[in-house]
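# Understanding the architecture of this molecule
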Amino acid sequence: AVLDVLTFPDERLRTKAEPVTEVNDDIRKIVDDMFETMYAENGVGLAATQVNIHKRIVVIDVSDNKEQSYVLINPEIIRKSDNIMVNEEGCLSVPTCYAKVDRHTEVTVKALDRDGNSFELDGEELLAICIQHELDHLNGVLFVDYLSPLKRKRIQAKLEKEARLASRS
Ligand SMILES: O=C(O)C[C@@H](Cc1ccccc1)C(=O)SCC(=O)c1ccccc1
Ligand SMILES: [Zn+2]
């Protein structure tokens, strides 16, 4: 099922997700729903926090033919490059807003897959950015937190105004 994505400044996006204790069919159903939601929203990643499920689960597919998808359960970054790159980021939970964010150019993440097997994934460029962006979500961190308070306020005001207008129509 396509799930509802929480939007900033919804406080539930600030929840710290809990580790998954057992990778079972319930977890696999959440993973399937998260992929369906991510593809429906044209995202390249999605964290369970964004669909109000506070478990450490992330789905990613940065491929352009939807052939290279990853499931990251209880993900941890175990290596990251010293060099940093700046990219304009968006977020399915902060619609219509984009801003420059610093990220490590390369990261290695250790996680469990959908069968509960441990694996390591080495990401560069967009995959590295996405891994860092999604793991932030699991810790209640949004890319707008890296901006100046003034910029963050402007984004909050813009989204709250859009939400008011949307609720009236
Ligand atoms: O809100 C999310 O977590 C999804 C978000 C993750 C993200 C990945 C990489 C950079 C910034 C944010 C997105 O998928 S936003 C859509 C997007 O960034 C993108 C879509 C198509 C091609 C390339 C990037
Ligand atoms: Zn996001």
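Residues numbered from 1 in each chain as written. Chains lettered and ligands numbered in written order. Predicted model: local features only at pLDDT ≥ 70, side-chain atom pairs only at ≥ 80, totals over all residues. Heavy atoms only, no water.

## Digging into the nonpolar core
Core analysis: the biggest nonpolar cluster contains 17 residues, and Ile27, Val31, Met34, Ile57, Val59 and Ile73 have the highest contact counts within it. If you list the elements that add at least two residues to this core, you get helix H1 (25-40), strand E2 (57-60) and strand E3 (70-80). When residues of this core are assigned to their parent elements, the largest contribution, six residues, is made by H1. Those residues in contact with Ile73 that lie beyond four places of it in its chain are Val20, Val23, Ile27, Arg56, Ile57, Ala111, Leu112, Asp113 and Arg114. Counting 16 residues, the second-largest nonpolar core is a separate cluster that includes Ala47, Tyr70, Ala111 and Cys130. (Core = buried A, V, L, I, M, F, W, Y, C linked by side-chain atoms within 4.5 Å. Buried < 20%, exposed > 50% of the residue type's maximum accessible area, 1.4 Å probe, protein only. Helix = DSSP H or I, 4+ residues; strand = E, 2+ residues; numbered from the N terminus. Contact = heavy atoms within 4.5 Å.)

## Description of the environment of Phe35
Looking at the secondary structure, you find Phe35 in helix H1. Assessed through its relative accessible area of 12%, Phe35 is described here as buried. Along the chain, Phe35 and Tyr70 lie 35 residues apart, while their C-alpha atoms are 9.7 Å from each other.

## Examining the pairing of strand E7 (residues 118-124)
As paired elements, strand E6 (residues 106-112) and E7 share seven bridges and run antiparallel to each other. Paired with Glu106 across the bridge in E7 is Glu124. Connecting E6 to the next strand, E7, in antiparallel fashion are five residues, including Gly116 with a positive phi near 85°. (Pairing = 2+ DSSP bridges.)

## Description of the UniProt feature "binding site: Fe cation" (unreviewed entry) in the chain
UniProt annotation of "binding site: Fe cation" (unreviewed entry) refers to Cys91, His133 and His137 when read in the numbering used here. The named residues occupy 47 residues along the chain; their greatest pairwise C-alpha distance, 10.1 Å, places them in one compact cluster. As for its position among the elements, His133 is in helix H2 (residues 125-138). With respect to the element layout, His137 can be found in helix H2. You can call His137 buried: its relative accessible area is 1%. Once you skip the residues sitting within four places of it in the chain, His137 turns out to touch Leu13, Thr15, Ala47, Thr49, Gln50, Cys91, Ser93 and Leu142. (UniProt positions renumbered as here; feature names shortened; annotations may be inferred.)

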